[in-house]
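For reference, the chains in residue letters:
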Amino acid sequence: MYRQGDVLIVELEESAVPAHLVAAPGELRDGRGRLVLALGEVTGHAHAVVGPGRLMREAGPFGPMLLHLPEGGRVVHEEHAVIPLPRGWFRVVRQREYAPGAVRIVAD
Amino acid sequence: MQYVNAWRAVAAATGAADRSAAENGVRLAYRSAGLAEPDTIVWADSPRAAVEAVEKLIGAGRSVRDEVRTRPWADERRRTYDELGPAGWSALWSATGAQLWETTAALAERIRTGVVADLCERPEDESDVRLVLLDAVLGQHDAAWLAAFDGRGDRLTGLAEAARNAGWWWPYERAVVISERPVALHRDEAGRLDRGDGPALSYADGFALHAWRGMPVPAEFLAGLATLTPERIRGEENAELRRVMLEFYGYDRYLAESGAEPVHRDETGILWRIAMDGDEDVVMVEVVNSTPEPDGTHRTYWLRVPPGTRTAKDGVAWTFGLDGQAYAPVRQT
């Protein structure tokens, strides 16, 4: 389990990954070739993964995002230190905050 | 992805429209739909003023929004879907439009609500204004759809050109009303309307929306935030407004001045509880950012967690959808 600011990255056993996701096409990379886990709307600062792999959005127990890094990778952000990740599958979770009657995501 | 970022900028664009570019886009959209170009183009300073201008149009004919916007989009979507298949379409949408959808749809809905509130003195007027709003093409706020189709053909070029250069517009058979873009837009990092000392969204004619971290608030409420006291915060009966007051005042300052005691402390942070009369307790975790600021200090921040939270670790874990026992980062920055 790794945490960079308001993003948590949790290891997942490959056997737990649903079959339809194992070979699903991943998201497009950004203009700098990165997989963007979370983007700040105003500053454009991003939690992003550098390295080969795929990012998939998936609602439900494995979502909202699933990350596959066959060779490992690095999570970068303009304001946080780099975190190296081992090879494998990960669940990516964005931090949230409690609000009576609702839940809000956190603006990092 | 390059399209998404360009359209993200279009959705958030402020300042005067390029009127001739926008009008050219609108005319092209009519021609692409097989319609004659409109005889008249009327400019308005805001969506509110545009609704009033639409209500004053004489002999403009029926709305051609379906022909100009909805049908071309539906056709393009069908064509792209047939070309890419269900999985391909879903991947395209999630890489493009889906990234802009939530923030722009929320902003457009707030504008609609604001226009209705401003123009309807009596509840029975509301349906008339809402009907006019249904005829609007959202211009810059159609960015999510336009991002998905960008680079995939030229049928939507007119719509895209209008969106890049102006705000909402209303197409009728013989006339078009186009609104200017906002003059100011203030949002937080999550893309929500957010400003503590003035309108978060404003247009040249004074039409404006006030919001704090996305929550709509009255203008006069914001004006009172500068002189808040803990007593006034405790005395506010509206729970949502009290939350805004607490956030504006600063949880740390409020905790210090109201003599709150920490409830629990562990390696993840500190748990605080503030009792509220007639409302659920405010329970927060105080955590320290792992990455130092440029000056070497560590920023402290507060996150509100459910009132039943017992330990700081349970609170931090909850913010990531986990229970306390499962939360154990091996590395954090």
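Because the structure is a prediction, the values reported are computed rather than measured.

Definitions and cut-offs
- Residues numbered from 1 in each chain as written.
- Chains lettered and ligands numbered in written order.
- Predicted model: local features only at pLDDT ≥ 70, side-chain atom pairs only at ≥ 80, totals over all residues.
- Heavy atoms only, no water.
- Phe/Tyr/Trp six-rings, centres within 6.5 Å; stacked < 30°, edge-to-face > 60°.
- Helix = DSSP H or I, 4+ residues; strand = E, 2+ residues; numbered from the N terminus.
- Buried < 20%, exposed > 50% of the residue type's maximum accessible area, 1.4 Å probe, protein only.
- Lys NZ or Arg CZ within 6 Å of the ring centre and 35° of its normal.
- Pairing = 2+ DSSP bridges.
- pLDDT = per-residue confidence, 0-100.
- Core = buried A, V, L, I, M, F, W, Y, C linked by side-chain atoms within 4.5 Å.
- Contact = heavy atoms within 4.5 Å.

Caption draft 1: Highlighting the packing of aromatic side chains. Under the counting rule described, the total for this entry stands at 12 aromatic pairs over all chains. Here Trp93(B) and Trp145(B) contribute two aromatic rings whose centre-to-centre distance is 5.0 Å and whose plane-to-plane angle is 40°, an arrangement assigned as tilted. Highlighted residues: Trp93(B) in helix α4 (residues 65–95) and Trp145(B) in helix α7 (residues 143–149), separated in sequence by 52 residues. Summarising the aromatic geometry, the rings of Tyr203(B) and Phe207(B) are spaced 5.8 Å apart at their centres and angled 35° between planes, so their arrangement reads as tilted. Classification of Tyr203(B) as buried rests on a relative accessible area of 4%. With a relative accessible area of 0%, Phe207(B) lands in the buried category. Members of the aromatic cluster, connected to one another through ring pairs, are Trp73(B), Trp89(B), Trp93(B), Trp101(B), Trp145(B) and Phe149(B). Over the ring of Trp318(B) we find Arg96(A), and its NZ or CZ is 3.8 Å from the ring centre. Sitting over the ring of Trp73(B), Arg69(B) keeps its end group 4.3 Å from the ring centre.

Caption draft 2: Structural detail: the sheet that holds strand β6 (residues 208–209) of chain B. Residues and elements named next belong to chain B. Here we have 3 strands laid out as an open sheet, ordered β4-β5-β6, and antiparallel in their pairing. Single-partner strands in this sheet number two, and they are β4 (184–185) and β6. As defined by bridge partners, strand β5 (residues 201–202) adjoins β6 across 2 bridges and the pair is classed as antiparallel. For Leu201, the partnering residue across the bridge sits in β6 and is Leu209.

Caption draft 3: Fine view of the confidence of the model for chain B. Across chain B, the average pLDDT comes to 91, with 99% of residues at 70 or higher. Interface predicted TM-score (ipTM) for the complex: 0.89; the corresponding pTM is 0.80.

Caption draft 4: Here's a closer look at the nonpolar core. Residues and elements named next belong to chain B. Counting 32 residues, the largest nonpolar core has Trp7, Leu159, Trp169 and Ile178 as its most contacted members. Among the secondary structure elements, those contributing two or more residues to this core are α1 (2–11), α2 (19–32), β1 (40–44), α4, α7, α8 (157–165) and β3 (175–179). Those residues within four positions of Trp7 in sequence are excluded, and the remaining contacts are Leu100, Ala143, Leu146, Ala147, Asp150, Ala160, Ala163 and Arg164. By size, the runner-up hydrophobic cluster in this structure holds 31 residues, among which are Val129, Leu185, Leu201 and Ala211.

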